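Spelled out, the chains give:
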Amino acid sequence: MPDLIERSLEAALTNCCRVGQMSIRRMNGGGFVLSHRDDGGRDDLQRFQNPEEAAEIARYDDAGNYRPLKTAPNLRHGWRLELVDLTELRRALDYFYPGRLAMFAAWKENRLTTTSLRTTLTRQSGMYRVAAKISDEQINELVGNFCRSNGGCLRTILWKRDERGASASTQLPPEKFDTVHDQTGGGELVIPLLCQEPCNLLINECRKAVKGEM
């Protein structure tokens, strides 16, 4: 029996077939085909058939550079991944966008909790402890640049800057916090990539900002 995550995914697919930079196409036999949204209509795509191969597809961008942030808008082109059922689709999507399906399922059940940036920063230890000294002005600028959908990250931000509910950054458009908005700019119905708390990469950028390394 499908678990909550697979049930949430299956329900979402009745209304849309896009997640991040990917297109999901349902096959007549019950399987699915994943490909880059920009590659529609191409007949020269490299063929893959194992959900684990998604990890390699997602590892590098078109120029061969490593992608430390899997939700960055730099997924490489030129491939198609054929999957036999919903379970394989879920596994592949977890390689492309780690943890995002679980966050989506929890959000649909109204069970997703968020953590503010300031709270996350105060929990840091070791070399990252200094990150908590970052100013609100630095946060506003840093988050506005690092988390932007165009060139930064395709997640929809749900967390706040602090426990008082301040916006993560006033430099980001309202659409960055809208779960209905297609963060790629394609204007299509999507399964949102939700960001419930600041990621480790952002915390590292906060540390660098405090230490003047940016």
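This one's a predicted model, so the numbers in the text were calculated from it and none came from an experiment.

Note: strand β1 (residues 18–19) against strand β2 (residues 22–26), 2 bridges, orientation antiparallel. From the neighbouring strand, Arg18 faces β2, where its bridge partner is Ser23. In this antiparallel pair of consecutive strands, β1 and β2, the connection spans 2 residues, and Gly20 shows a positive phi of 55 degrees. For β2 and strand β3 (residues 32–36), the ladder comprises 5 bridges, and the chain directions are antiparallel.

Listed in full, the buried residues belonging to helix α6 (residues 136–146) are Ile139, Asn140, Leu142, Val143 and Gly144. For α6, the elements touching its buried residues are α5 (117–122) and α7 (200–210).

To continue, consider the nonpolar core. Most often, soluble globular proteins have nonpolar side chains that are buried together. Core analysis: the biggest nonpolar cluster contains 30 residues, and Met22, Leu34, Trp79, Leu81, Leu89, Leu93 and Phe96 have the highest contact counts within it. Listing elements by their share of this core, those giving two or more residues are α1 (4–12), β2, β3, α2 (54–57), β5 (79–83), α3 (86–96) and α4 (100–108). Residue contributions to this core peak at 5 residues, all from α3. With near-sequence residues (within four places) excluded, Leu81 lies in contact with Phe32, Val33, Leu34, Phe48, Gln49, Asn50, Ala54, Ala92 and Phe96. Ile134, Val143, Ile203 and Ala209 belong to the second-largest nonpolar core, a separate cluster that totals 18 residues.

Criteria and thresholds
Residues numbered from 1 in each chain as written. Predicted model: local features only at pLDDT ≥ 70, side-chain atom pairs only at ≥ 80, totals over all residues. Heavy atoms only, no water. Pairing = 2+ DSSP bridges. Helix = DSSP H or I, 4+ residues; strand = E, 2+ residues; numbered from the N terminus. Buried < 20%, exposed > 50% of the residue type's maximum accessible area, 1.4 Å probe, protein only. Contact = heavy atoms within 4.5 Å. Core = buried A, V, L, I, M, F, W, Y, C linked by side-chain atoms within 4.5 Å.

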